[in-house]
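So you can see what is in the structure, the chains are spelled out below.
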Amino acid sequence: LIQFHHSTTRRGVPDDPSAAMPHDVGSVEAFTLRSGRAMPALSLGTWKMRPEDTTDAVTRAIAAGYRAIDCAPVYGNEKEVGAAIAACVGGDAKTPLAGVPLTRDDLFITSKIMTHDLPPEAFEARVRETLDDLGIDALDLLLLQWPHPQLASIAEQWTELERLVDAGLTRHIGVSNFSVKKLATLMDGGEDVSGGEDVFVFGGTRIPPAVNQIECGAHFRNDALLQYCKSRGVQVMAYGCLGSGDQFSELGPMRRKRSGPAPLTHPIARRHDDGDPLDPGPAAAVLRWLIERGVACVAKATTEEHQLECLRACVAGVYPPEWIDGLKAFGSYEEQYRLQHGAFHTGPGKPWKTLEDLWDEDVSYMEGRNFETPAGFALRADPPKYARAALEPLPGPEMGTEEEEEEE
């Protein structure tokens, strides 16, 4: 368990973050992976973090108390993340950690492999490049970033990841963006045929996946997949927790515009934006709600205030039970939709012909949404394979009450 300094001001932000050292606020929570090792409940996300901002942002985050960083080669900033790690580990005098012992083992570093153009025999070289860029000897977690079977079956890819564990290049392996169907096939063996090609042929895994990193938040609860992962001992790690604000702007880097309110401007979220100094605000409330559901979170935060606000949400024993209980309302957002639609992984010449094939779910909720599509894009098969019921909320204490829904 990790501790960090806190002296309360507006929204739980320390009044002296430059002195952000452990003492009085409790412990940042962690989830225990199947190996028995702890993974912090909050990772600093680096997707869409500009390289020129990355080293300073990651250094600030580690100084404030973050102990987990989520990276990927395709983000284009792993060298800058590595520079921050080098500055912080050992208490370099140039950082706010001067004189504070921090070792590599205090950090949990995740990276990923994008396999649509990378055969298994090239995985090791790619991982070694990542390790060189990050300046570390081994990753804590290596993920298959998408279920890409273009150059090899997922079974062959997983076997190579297992070999990288044996070689000491990563401590844990996992997946990202795997549906219930694809995760079950990976873990138990079987076939999943799409477009006439066998893309999964498994005999079960020797090393089971430790993590499935998926989109999960109030805007897309992903209930069925979350419950399945829990039943199989696979830790869910959520990206897009706070809604990726630029997804709602045609002027943002993704050049998309979504219908409906952004997750943090939803009326339920705005209840936490009323100026109460004891309420950390909408972002921290959403993160806390996810942690209460047993979900580890990845959230990009570059400013000092936002980093500390997010970190504050991941500390045990800070908020009263009635405040925690009120977070259940986040489970009552009526409109559910993906922000990371994945259309660029589908189409002619690709194993997944439609979004329905990629996600193994009814995708009618994506009708009419404005997102980029590849040539030959199709939302779903005709007739559709999946029923709308696949997206309906499942019963459970986190889903909110009828009274809460009426109040909204």
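See the structure printed just above.
Every value quoted in this text rests on a predicted model; they were computed, and no experiment measured them. (Residues numbered from 1 in each chain as written. Predicted model: local features only at pLDDT ≥ 70, side-chain atom pairs only at ≥ 80, totals over all residues. Heavy atoms only, no water.)

> Is there a simple way to explain the sheet that holds strand E14 (residues 296-300) in this structure?
With parallel pairing, the eight strands of this closed barrel are ordered in space as E5-E6-E7-E8-E9-E12-E13-E14. Here the strands of the sheet are splayed against their neighbours by 25° on average, with no regard to which way each runs. (Pairing = 2+ DSSP bridges. Helix = DSSP H or I, 4+ residues; strand = E, 2+ residues; numbered from the N terminus. Axes fitted to C-alpha atoms, helices over the stretch in contact; angles between N-to-C directions.)

> Would you mind showing me how to read unusual backbone geometry here?
Across the chain, the bulk of peptide bonds are trans and the bulk of non-glycine residues have phi less than zero. Across the junction of Asp382 and Pro383, the peptide omega takes the value 5°, indicating a cis bond. Position of Pro383 relative to the elements: it lies in the loop between helix H11 (355-359) and helix H12 (402-407). One non-glycine residue with positive phi stands out, namely Asn177, at about 65°. Note that Asn177 resides in the loop between strand E9 (173-176) and helix H5 (180-188). Residue classification places Asn177 among the buried residues on the basis of a relative accessible area of 4%. The residue Asn222 is not glycine, and still its phi comes out positive at about 55°. (Buried < 20%, exposed > 50% of the residue type's maximum accessible area, 1.4 Å probe, protein only.)

> Mind showing me how you'd approach the packing of aromatic side chains here?
Each aromatic ring pair is described using two quantities: the centre-to-centre distance and the angle formed by the ring planes. Summed over the entire model, instances satisfying the criterion amount to six aromatic pairs. Taking the centre distance of 6.0 Å and the plane angle of 80° together, the rings of Trp146 and Phe344 count as edge-to-face. With Trp146 in the loop between strand E8 (141-144) and helix H4 (154-166) and Phe344 in the loop between helix H10 (321-326) and H11, the pair connects residues that are 198 residues apart, well separated along the chain. Looking at Trp146, the relative accessible area reads 5%, which means it is buried. Among the residues examined, Phe344 registers a relative accessible area of 33% and is labelled partly exposed. Here the aromatic rings of Phe220 and Tyr365 are separated by 6.0 Å at their centres, their planes lie at 35°, and the arrangement is tilted. (Phe/Tyr/Trp six-rings, centres within 6.5 Å; stacked < 30°, edge-to-face > 60°.)

> Please clarify how helix H1 (residues 51-64) should be interpreted in this entry.
Since the α-helix advances by 3.6 residues per turn, residues separated by three or four positions end up pointing in the same direction. Here H1 is 14 residues long and its end C-alpha atoms lie 20 Å apart, about the 20 Å a rise of 1.5 Å per residue gives. All of the buried residues in H1 are Thr54, Ala57, Val58, Thr59, Ala61, Ile62, Ala63 and Ala64. The secondary structure elements touched by the buried residues of H1 are strand E5 (42-45), strand E6 (68-70), helix H2 (78-88) and helix H9 (304-312). Gly65 sits one or two positions beyond H1 and adopts a positive phi of about 135°. (Expected span 1.5 Å × (residues − 1). Contact = heavy atoms within 4.5 Å.)

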